[in-house]
Amino acid sequence: MGAATTPNIANIPPNLPNQVLDITLTTSAALFAVAGKDTTYSCKLPTEPKKEEAKAAPAKVVYQKTVLGEGTFFEGTLNSKGDVEIGGIFKGDIISDGNVIIHSKVEGNIKAKNLDVISNVLTGNVNVDGKVNVAPGSEIKGNINAQSIVCSGKITGDMVVSGDSSFDELSHVEGNITTKFITINHGAYIDGKLTITK
């Protein structure tokens, strides 16, 4: 019997992604009984793509709540990535990527994700991405721009609400309201122009 097949593998690149290896085999004539000649066969074999290492998802940053406690006075602008809760006296603007909760007197504009005025008075304009909640016994003196509003307190100022507006029987509103949907309970007081948008 003739000589065994011996692969002639030259210059094979390392295992690269999406590459093709070109392998040449040289056989003796006796193995394939081809008229006494050595024959060369060539074929291309696909390589396995290099596996990507799994990348870890970036860790979500959780920001601490900023709290201004009762008996504290602050004047200036407060910028926060997290939630803000005001229990002391605050004069200045609040800009937060989180929610703002107000328990005391605040004089200044608010820009936040959501706003809850739990008690006392906020004097300033409000611009939130989500919901404004005005609790019983609380008041906002300023214009409001929000996605939704739920009022059980007093608002003196104009409102532009892109979604739902709800005013219960304790509501007292002096200002124009522009909203997509509105609910007004029996006993609510509203003095202003109402515009329903599409």
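Refer to the structure presented above.
Chains are numbered independently. Their residues run from 1 in the order of the written sequence. In view of the model being predicted, local features appear only for residues whose pLDDT reaches at least 70, and side-chain atom pairs are presented and counted only at 80 or more, with totals across whole chains, interfaces and linings using the full set of residues. The basis for the side-chain values is all heavy atoms of the structure; hydrogens and waters are excluded.

### Digging into the overall build of the protein
Numbering of helices and strands starts at the N terminus; helices are DSSP runs of H or I of at least 4 residues and strands are runs of E of at least 2. Looking only at helices and strands, the protein has one helix and 27 strands in total. Each residue is assigned to one of three classes by its accessible area relative to the maximum for its type, calculated with a 1.4 Å probe on protein chains only: buried under 20%, partly exposed between the two thresholds, exposed over 50%. Split into buried and exposed, the 198 residues of the protein put 31% on the buried side. The criterion used for residue contact is that any of the two residues' heavy atoms lie within 4.5 Å. Put simply, 5% of the contacts in the protein that link residues at least 6 apart link residues at least 24 apart. To be clear on the numbers: accessible area is Shrake-Rupley with a 1.4 Å probe, and residue cover counts the displayed protein chains and nothing else. Split by element, the accessible area of the protein, about 12400 Å² in all, is 53% carbon and sulfur.

### Re the nonpolar core
By convention a nonpolar core is built from buried Ala, Val, Leu, Ile, Met, Phe, Trp, Tyr and Cys residues, the set being connected through side-chain atoms within 4.5 Å. Core analysis: the largest hydrophobic core is formed by 29 residues, its most contacted members being Ile110, Leu115, Leu122, Val132, Ile140, Ile144 and Met159. Look past the residues within four positions of Leu115 in its chain and what remains in contact with it is Val100, Ile102, Ile110, Leu122, Val126, Val128, Lys131, Val132, Asn133 and Ile140.

### Overview of the pattern of salt bridges
Within this document, salt bridges are pairs made up of a side-chain nitrogen of Lys or Arg and a carboxyl oxygen of Asp or Glu, the two lying within 4 Å of each other. Scanning all chains against the criterion turns up three salt bridges. Salt-bridge contacts for Lys81 lead to Asp97; the nearest nitrogen and oxygen are separated by 3.7 Å. Of this pair, Lys81 sits in the loop between strand E6 (78-80) and strand E7 (84-86) while Asp97 sits in the loop between strand E9 (94-96) and strand E10 (99-102); the two residues are 16 residues apart in sequence, bridging distant segments of the chain. In this structure, Glu107 engages Lys105 in a salt bridge whose closest nitrogen and oxygen atoms are separated by 3.5 Å. Looking at Lys105, the relative accessible area reads 43%, which means it is partly exposed.

### Here's the deal with the sheet that holds strand E14 (residues 120-123)
In spatial order, the strands read E5-E8-E11-E14-E17-E20-E23-E26; together these eight strands make up an open sheet with parallel pairing. Either end of the sheet is taken by a strand with one partner, and the two such strands are strand E5 (73-75) and strand E26 (189-191). Paired strands are those between which DSSP finds at least two bridges.

### Let's talk about the sheet that holds E9
Across the sheet, which stays open at both edges, the eight strands sit in the order E6-E9-E12-E15-E18-E21-E24-E27 with parallel pairing between neighbours. Both edges of this open sheet fall to E6 and strand E27 (194-196), since each of them pairs with a single strand only. With direction set aside, neighbouring strand axes in the sheet form an average angle of 5°. A fitted line through C-alpha atoms serves as each axis, taken over the contacting stretch for helices, and the angle formed by two N-to-C directions is quoted from 0 to 180°.

By themselves, these figures tell us nothing about what the structure is for.
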